Amino acid sequence: MNPTTPPALSLNEKEVAMTAVHLTPELVQNPVGAYAGLRSRPGLGHVVLPGLTTPVRLVTRHEDVKAALTEARLVRDRSAIGGCDLPDPQAELLAEGAGGLPPEYARYLSGHLALFDGDEHTRRRSPLTRAFTARRVAALSPFVQETARELIGTLAGREQADLLGEFAYPLCTAVICALVGVDAGDQDKVCGWIRDFAYGDGSRVLEGLGGIVEYTKELVARRRAEPADDLVSALLADGGLTDDEIVTVFFLLINTGITPPALFLAHAVLALLDSPEQWERLRTEPELLGRAVPELLRYVTLVRMGATLYATEDFVFAGTELRKGEAVTVALFAADHDPAAYDAPERLDVGREFGRGDGHLAFGHGPHYCIGAALGRLVTGVVLDQLVVRRPAAPKLAADRAELPFGHWPGDGFHLLALPVSL
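Note that the coordinates shown come from a computational prediction; the quantities given were computed from them, not determined experimentally. (Residues numbered from 1 in each chain as written. Predicted model: local features only at pLDDT ≥ 70, side-chain atom pairs only at ≥ 80, totals over all residues. Heavy atoms only, no water.)

1. Observations regarding the environment of F317
- Inspection of the secondary structure puts F317 in strand 7 (residues 315–317).
- Residue F317 is classed as buried on the basis of its relative accessible area of 7%.
- On a C-alpha basis, the gap between F317 and R401 in space is 42 Å, while along the polypeptide they are 84 residues apart.
- Every residue in contact with F317, bar those within four places of it in the chain, is listed here: L44, V59, D64, A67, A68 and L322. (Helix = DSSP H or I, 4+ residues; strand = E, 2+ residues; numbered from the N terminus. Buried < 20%, exposed > 50% of the residue type's maximum accessible area, 1.4 Å probe, protein only. Contact = heavy atoms within 4.5 Å.)

Rendered as structure tokens:
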């Protein structure tokens, strides 16, 4: 058989492919749409995510999603499961985004913590957890406040400003640079490379990638000689990661700490603009800020689908018989809008009271819980304070709501491409 030819589907796999629910981006981001029907089914149904062709078991109920994220027999690294030839939706998704990057840079982009399990995940995550202290996050608060204030100041009074491209992206990029320890004189240059690599128009991806890699290597060498109070210095002092793995950490922070948070901030503002009574309530009752942050994280749940999980053995989960190697995906957005877990989950309520913990699954759950959750909450709180509490009136959309530009990535729902407003 030609190694590039996919294996023939068995009769059962053909039946699965024919009966699977084909989700569209509209359904993925609709809390009441396809998910209601999927939740009502016994067990876990098969779906095909937008832009893909490989079916996957989808977990939609809040209780089941939490259980899946802590189930030891569901792992992220499929290569650890021997003798498995079942179709792999994660491989298809990764192939969609591969894009011909130079092989010498592959090791910096393949070390995403979400793809490791067990001891290797612990080895890579523990030094980062030890360095990502509450003190270090809290120390960033003045910088976040000042940066947000300056960015808003440059946009205020203009007839139209893009709250995503001219505020959320620059803010999140500056915060990551400050956290890692990019020297002040280098931040414009490094932020430019990050923009080119992570969220530009795609024409300078390789230049951005190369610039970030070489700069981070130099930064590691400088911090080894002259430590500072930053993440790179803390990781070097910890000694648990190689230099290449520290460069990989920078890319982890770029990929998870810039685009998702920036998109979340834009979607959170849009959600408040769509519910003007909630915007006004938060503005007049600023003491609700501590509730509004987790409620917006729940309501938006920017990462709609979690990483693919694989069964390490045959076993029954959520009333479903899983085969060894079978792929399972958790629908975080569906879980955060499960009526069994929340009253009127489709309604934004900045005064919603949660119990213990986060009250949502936007940051995941279990061993892969988001390392940057505290930083995400800090930045969100600052932005809401600056844009909602401290301003006498809400921004106005500078385009018709129905004409806002959206796009989507394979396997996910729609995301804002810009949020034009007048401040």
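That shown, we press on.
2. Considerations on the packing of aromatic side chains
- Under the criterion given, the structure shown has 4 aromatic pairs.
- Between the aromatic rings of F363 and Y369, the centroid separation amounts to 6.2 Å while the plane-to-plane angle is 75 degrees, which identifies the pairing as edge-to-face.
- A relative accessible area of 13% means that F363 is categorised as buried.
- With a relative accessible area of 25%, Y369 lands in the partly exposed category. (Phe/Tyr/Trp six-rings, centres within 6.5 Å; stacked < 30°, edge-to-face > 60°.)

3. Points about the sheet that holds strand 4 (residues 74–75)
- With mixed pairing, the 6 strands of this open sheet are ordered in space as 1-2-3-9-6-4. Across the chains shown, the open sheet's two edge strands, defined by having one partner strand only, are strand 1 (21–22) and strand 4.
- Bridge count for strand 4 against strand 6 (residues 305–311) is 2 bridges, and the pairing is antiparallel. When the sheet's bridge partners are listed, V75 is paired in strand 6 with Y310. (Pairing = 2+ DSSP bridges.)

4. Quick word on the sheet that holds strand 5 (residues 161–162)
- An order of 5-13-10 is seen for the 3 strands of this open sheet, with the pairing classed as antiparallel. Across the chains shown, the open sheet's two edge strands, defined by having one partner strand only, are strand 5 and strand 10 (396–397).
- In terms of strand pairing, strand 10 meets strand 13 (residues 420–422) through 2 bridges, oriented antiparallel. Within the sheet, the bridge partner assigned to L397 lies in strand 13 and is V421.

5. Some details on the packing of helix 9 (residues 141–155) against helix 19 (residues 373–389)
- Between helix 9 and helix 19, whose axes approach to 10 Å, the crossing angle comes to 40 degrees. Our classification of the angle between helix 9 and helix 19 gives oblique. The way helix 9 lies across helix 19 gives a crossing that is right-handed. Where helix 9 approaches helix 19, its residues S141, V144, Q145, A148, R149 and I152 are matched on the opposing element by L378, V379, V382, Q386 and L387.
- Of the residues assigned to the contact of helix 9 with helix 19, the class counts are 7 nonpolar, 3 polar and 1 charged. (Axes fitted to C-alpha atoms, helices over the stretch in contact; angles between N-to-C directions. Parallel < 35°, antiparallel > 145°, perpendicular 65-115°, else oblique. Left-handed = near helix turned anticlockwise from the far one by under 90°. Nonpolar A, V, L, I, M, F, W, Y, C, P; charged D, E, K, R; others polar.)

6. Description of the confidence of the model for the protein chain
- Averaged over every residue, the pLDDT of the protein chain is 90; residues scoring 70 or more account for 94%.
- Note that pLDDT drops below 50 for residues 1–11; the model gives that stretch 5 contacts with residues more than four away or on any other chain. (pLDDT = per-residue confidence, 0-100.)

7. Details of the layout of surface pockets
- Reported here for the second largest pocket is a volume of approximately 360 Å³.
- Lining the second largest pocket are 16 residues; nearest its centre among them are Q29, H267, Y299, R304 and R401.
- Of all elements in the fold, only helix 15 (259–274) and helix 17 (289–300) reach the threshold of two or more residues within the lining of the second largest pocket.
- Of the residues belonging to the lining of the second largest pocket, the class tally is 8 nonpolar, 4 polar and 4 charged. (1 Å grid on protein atoms, 1.4 Å probe; cavity = no way out; pocket = protein on both sides within 12 Å on 5 of 7 lines; lining within 4 Å. Points joined across faces, edges and corners; volume = space filled by probe spheres on them.)

8. Topic: helix 7 (residues 118–131)
- Helix length check: helix 7 (14 residues) gives 20 Å between terminal C-alpha atoms against 20 Å at 1.5 Å per residue, within 8%.
- The sharpest bend along helix 7 comes to roughly 30 degrees, located at R125, with the proline P127 sitting one to four residues further on.
- All buried positions along helix 7 are accounted for by H121, R124, R125, P127, L128 and A131.
- Looking at the buried residues of helix 7, the elements they touch are helix 8 (134–139), helix 13 (231–238) and helix 14 (243–257). (Expected span 1.5 Å × (residues − 1). Bend = angle between axes of the 7 residues up to and from the residue.)

9. A closer look at the pairing of strand 6
- Burial of strand 6 is extensive: 6 of the 7 residues sit out of reach of the surface.
- When strand 6 meets strand 9 (residues 327–331), the two strands line up antiparallel, connected through 4 bridges. Residue pairing in the sheet places L309 in a bridge with V328 of strand 9.

10. Notes on the pattern of salt bridges
- Applying the stated criterion across every chain yields a total of 33 salt bridges.
- The residue R158 makes a salt bridge to E166 at a minimum N-O spacing of 3.0 Å.
- Taken together, the shared-partner salt bridges connect D183, D186, K189, R222, R223 and D230 into one network. (Salt bridge = Lys/Arg side-chain N within 4 Å of Asp/Glu carboxyl O.)

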